[in-house]
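# Notes for the structure review
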Amino acid sequence: MNPVTPSPVGLVAASASRRNFLKRFGSGLFICIVVGHALGEEESEASFQTKPRVVPKGTIDFNALLRIGEDGRVTCFTGKIEMGQGPVTSLPQMLAEELDVAVDDIDIVMGDTDLCPYDQGTWGSLTTRVFGLQWSQAGAAARTVLLELAAEALRVPVTGLTVRQGVVSVTSDPSRRISYGQLTQGRRIERELVVPPVLKQPSEFKVVGQPLRRRDARDKVTGKAKYTGDLRLPGMLYASILRPPAHGATLRRIDASAVHGRDGCLVVQEPDLVAVLHELPERAEEALPDLQAEFDPSPSTLDNGNLYTHLAQAEVPSRVVKQAGELERGRARAVRPLEATYFNAYVAHAAMEPHTALAQVVDGKVTVWASTQNPFGVRAEIAQVLGVPEEQVRVITPFVGGGFGGKAMNRQAVEAARLARATGRPVQVAWSREEEFSLSNSRPAAVVRVAAGLDDAGRIAFWDYAVRFAGDRGSDLLYDVPDHRISAVGNFNGPPEVHPMPIGAWRAPGCSTNAFARESHIDRLAELAGVDPIEFRLRHLTNPRARRVLEAAAAGWGWQPGQGVTGRGLGVALGLDAGTYVATIAEVAVDPVTGAVRVKRVLCAQDMGRVINPAGAKEQMEGCIMMGLGYALTEEIRFKAGVVLDTNFDTYELPRFSWLPKIETVILDLMDEPAQGGGEPAVIVMGAVLANAIHDVTGARLLELPMTPARVKAAMGGVA
């Protein structure tokens, strides 16, 4: 069954209350949620833009996690959203397991703030590993209630009942049976999820762990799936918004007289928001340049040439993330020191769907359809800007066409809401690709300095790691080095004034930068020690999960040990993100004339605990690998004096289908262990594994991402 996406046409505005919620859905069994835990604030990717909602522990949310109707169909509600990562399939799968119903009998409502329980946002690979437990508990709680009702109806103890496909029967006499729908018929039964119910053991699973096709696949490939930009409302206007020519430029003067009223154009002019609106999007877009606007230039003097010096010297306090032993003691033991600095560029999210929102205001109720990763954050932002209670704002999230952390920002939704209120008509704001590149928060450029060294036995004597502005997520050492220190300056979200453009979360924020620096340096130490890179890693690993995933990758590849530059073009990298260990091996070829890199084969192994939908997990790994080719080899935002120079795909090069290597995935069978994150881990090691593979075939060590043909060629020129 497909997810339920409320239509904008005929929407009945209703105040948010438990009573209204239950009234809307009539009778049935409702399992409500007690919030205040498992909100994942520790990994908020929008916390610098939207303050996390503080929910006292024990507070009862007015909305329900699931409802079982008279027809036996199950409707489940979640504040999570679907942006291609697959919860539209895996979440019903988890619920079906605990409820003992068919997956096809479950409908899912996602990201509707009037219908769904509060959720901080869809990011950090938290949906399965954190929210999923609560979700399964709701299913188990519902099953418990239904069994109690069935025991009363069939006049047998609960222990004498069996459930299958939503039908409860007497174990000793299967002809005596009653369905979930019959049990709830004509009644409204509410239960609050307070005491966690007993969940099934993995040995009892029939649905979890089965590879299922995505439930939204057919709608998406046939165009039936609706995104925010597909929605229409009677009388709606399209907005084209005046943007400054550069970040930091300020509006000095504007004259809109030539546009306002011309051919049906409206102009909304506020101190920080100027827009042309029309019933046809082309008319609004054509009229925008006729606004007579003058800007003071950006004070920024940064460009791609001086950026890294600026980041290395920016005066921002450093903090120690982790340390152990005595760094100077380890440094003194080192007989073969190795120090290097690694760099990465600004990278765009480049999601297929640009930021889009549609807003209307009816009788004071603000309703916004938005492409966002955090609908409740959007609601809070809009309420604050408009000066209305949050209960007067409803945010609905249709399908989202990719986010990767970029849609934790909700500027377009606030703009649409402001313009709808200013005009009194529904307004759609759909960023152009040029706006998307210029306004969306990019992965921050960063600088990482690593100092380490080998002792006289060939072991790593010390590790001194300092990351600036990527964030400390993924900076874990992973390896056994008694004397080490990891420090960080800034984070993936700033401070914003350091950067010449908006920056923020990008798929596994910070991890790809940190994995690139760490795994490149580990590879160099292995070469310095004269040891095979996998063997060198294993010698420094005691963590059983890290060891087994690396060994699984080596076995899957058929790894043959080698030392130093072997000419084979093979690289290896290890990482940890969202509780998942990942090990990847890659093979590349490099054009000696142009420096162009061709990735021939990639094998990725993941230790990710229990896997709900193996098919979905595999798709996420493959998607991560393809996306990782981009930031590793070509993707880099060029800029100068506050102006983003790459504003479309003619100059910003994404991975192409023709780049697709042979991809193999290995998921360790660990159904008895807790589920971990699966949406991001495989992307984090792609820069490192390709850098190591390029070195293995050319002898050139690349210290900067992306590894463009020009940089590879230049590095090859430096090889003795």
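The structure displayed is predicted, hence computed values, not measured ones.

To continue, consider helix α10 (residues 411-423). End to end, α10 covers 18 Å across 13 residues, agreeing with the expected 18 Å (1.5 Å per residue, within 8%). Of the positions making up α10, those classed as buried are Q412, A413, V414, E415, A416, A417, R418, L419 and A420. Among the residues trailing α10, G424 stands out with phi positive, at a value near 75°.

Let us now look at the UniProt feature "domain: Aldehyde oxidase/xanthine dehydrogenase a/b hammerhead" (unreviewed entry) in the chain. Mapped onto this numbering, the UniProt entry gives "domain: Aldehyde oxidase/xanthine dehydrogenase a/b hammerhead" (unreviewed entry) at residues 222-299. Structurally, residues 222-299 comprises 10% helix and 35% strand, and the distance from its first C-alpha atom to its last is 48 Å.

Chain-level pLDDT for the chain is 92 on average; 91% of the residues reach the 70-or-more range. Under a pLDDT of 50 for its full length, residues 1-16 has, in the predicted model, 39 contacts with residues more than four places off or in other chains.

For the rest of this paragraph, the subject is a negative patch on the surface. Residues E282, E285, E286, E434 and D650 make up a contiguous surface patch of negative charge. Among the elements that make up the negative patch, the one with the highest residue count is helix α6 (residues 281-287) (three residues). With respect to the secondary-structure elements, E286 resides in helix α6. Since its relative accessible area comes to 54%, E286 is described here as exposed.

All told, the structure shown has ten aromatic pairs when counted by the stated rule. Residues Y118 and F376 carry aromatic rings whose centres are separated by 5.2 Å and whose planes lie at 70° to one another, so their mutual orientation is edge-to-face. Of this pair, Y118 sits in the loop between β4 (106-110) and α3 (127-154) while F376 sits in helix α9 (residues 375-386), placing them 258 residues apart in sequence. In terms of burial, Y118 and F376 fall into one category: buried. Between F131 and W135, the aromatic rings sit 5.3 Å apart at their centres with planes inclined by 45°, giving tilted as the arrangement. Taken together, the residues F131 and W135, both in helix α3 and four residues apart, mark about one turn of the helix. By relative accessible area, F131 is classed as buried at 7%. In this structure an aromatic cluster arises from ring pairing among F437, F649 and Y652. Its end group placed over the ring of W559, R568 keeps NZ or CZ at 5.3 Å from the ring centre. Directly above the ring of W557 sits R601, whose terminal nitrogen or CZ lies 3.7 Å from the centroid.

With that settled, the discussion passes to the sheet that holds strand β24 (residues 580-590). Pairing within the open sheet is mixed, and its four strands lie in the order β23-β24-β25-β28. Strand pairing shows two members of the sheet lacking a second neighbour, β23 (570-577) and β28 (662-667), which therefore form its edges. Geometrically, the sheet is characterised by an average inter-axis angle of 15° between neighbouring strands, direction not taken into account. Sheet topology places strand β25 (residues 597-607) next to β28; six bridges connect them, and they run parallel. Along β28, the bridge assignment pairs C604 with T665. Contacts between helix α17 (residues 686-698) and the sheet are confined to β23, β24 and β25, with β24 contributing the most and set at about 35° to the helix.

We now examine the domain arrangement of the chain. The assigned domain composition of the chain is domain 1 (16-37 + 49-207), domain 2 (228-297 + 355-430) and domain 3 (490-717). Taking only C-alpha atoms, the centre of domain 1 and the centre of domain 3 are 39 Å apart. Listed as interface residues are 13 residues of domain 1 and, on the opposing side, 14 residues of domain 3. Buried surface at the junction of domain 1 and domain 3, both sides included, amounts to about 980 Å², of which 58% is carbon and sulfur. For the domain 1 face of the interface with domain 3, the top three residues by lost area are S125, R129 and P202, together amounting to 44%. Our count for the domain 1 to domain 3 interface comes out at five residue pairs in polar contact (both at pLDDT 80 or more). Sorting the residues of the side of domain 1 that touches domain 3 by element identifies α2 (87-99) and α3 as the ones contributing at least two each. Top element by residues in the side of domain 1 that touches domain 3 is α2. It accounts for four residues.

Calculation criteria
Residues numbered from 1 in each chain as written. Predicted model: local features only at pLDDT ≥ 70, side-chain atom pairs only at ≥ 80, totals over all residues. Heavy atoms only, no water. Helix = DSSP H or I, 4+ residues; strand = E, 2+ residues; numbered from the N terminus. Expected span 1.5 Å × (residues − 1). Buried < 20%, exposed > 50% of the residue type's maximum accessible area, 1.4 Å probe, protein only. UniProt positions renumbered as here; feature names shortened; annotations may be inferred. pLDDT = per-residue confidence, 0-100. Contact = heavy atoms within 4.5 Å. Patch = residues over 30% accessible without salt bridge, like charges linked within 9 Å, V, L, I, M, F, W, Y side chains within 5 Å. Areas by Shrake-Rupley, 256 points an atom, 1.4 Å probe, with all protein chains shown as cover. Salt bridge = Lys/Arg side-chain N within 4 Å of Asp/Glu carboxyl O. Lys, Arg positive; Asp, Glu negative; His and termini not counted. Charge placed at Lys NZ, Arg CZ, Asp CG, Glu CD. Phe/Tyr/Trp six-rings, centres within 6.5 Å; stacked < 30°, edge-to-face > 60°. Lys NZ or Arg CZ within 6 Å of the ring centre and 35° of its normal. Pairing = 2+ DSSP bridges. Axes fitted to C-alpha atoms, helices over the stretch in contact; angles between N-to-C directions. Domains from an automatic or database assignment. Buried area = accessible area lost by both parts, 1.4 Å probe. Polar contact = N/O pair within 3.5 Å; in protein donor to acceptor, adjacent residues only side chain to side chain.

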